[in-house]
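What follows is each chain in one-letter form.
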Amino acid sequence: SRGLGDVYKRQELAEHLVETGKTAHINGHTDSTGDPLYNYDLGLQRAIKIRNLLVKYGAEKSKISVDSKGERYPIASNRTREGEHKNRRVEITLK
């Protein structure tokens, strides 16, 4: 579950995109549990969900691209629950 602070961060990011005219690229990531194709789709759904939330808070959909890296770029070991949790993420790049 997400805390109230996460909501404010999303609102602030959406406002920043509107104010600056910048674009955002969102990559979804997963742990290595399951089939790689399933994980690709899951990562894409994560990215789309965040894009939709940013749009809800006022960002322009046309300025936000989404993609999935699936399980290909872990930031932690998938051999522990903590590592798996860290690998289930989105990364947002602003330009």
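Since we're looking at a predicted model, the values are computed, not measured.

Rules used in this analysis
Residues numbered from 1 in each chain as written. Predicted model: local features only at pLDDT ≥ 70, side-chain atom pairs only at ≥ 80, totals over all residues. Heavy atoms only, no water. Salt bridge = Lys/Arg side-chain N within 4 Å of Asp/Glu carboxyl O. Buried < 20%, exposed > 50% of the residue type's maximum accessible area, 1.4 Å probe, protein only.

Caption draft 1: Quick look at the pattern of salt bridges. Counted according to the given criterion, the structure contains five salt bridges. The salt bridge involving Arg88 is made with Glu84; its shortest N-O contact spans 3.6 Å. Residue classification places Arg88 among the partly exposed residues on the basis of a relative accessible area of 37%. A relative accessible area of 18% means that Glu84 is categorised as buried. Residues joined in a network through salt bridges with shared partners are Asp31, Glu84 and Arg88.

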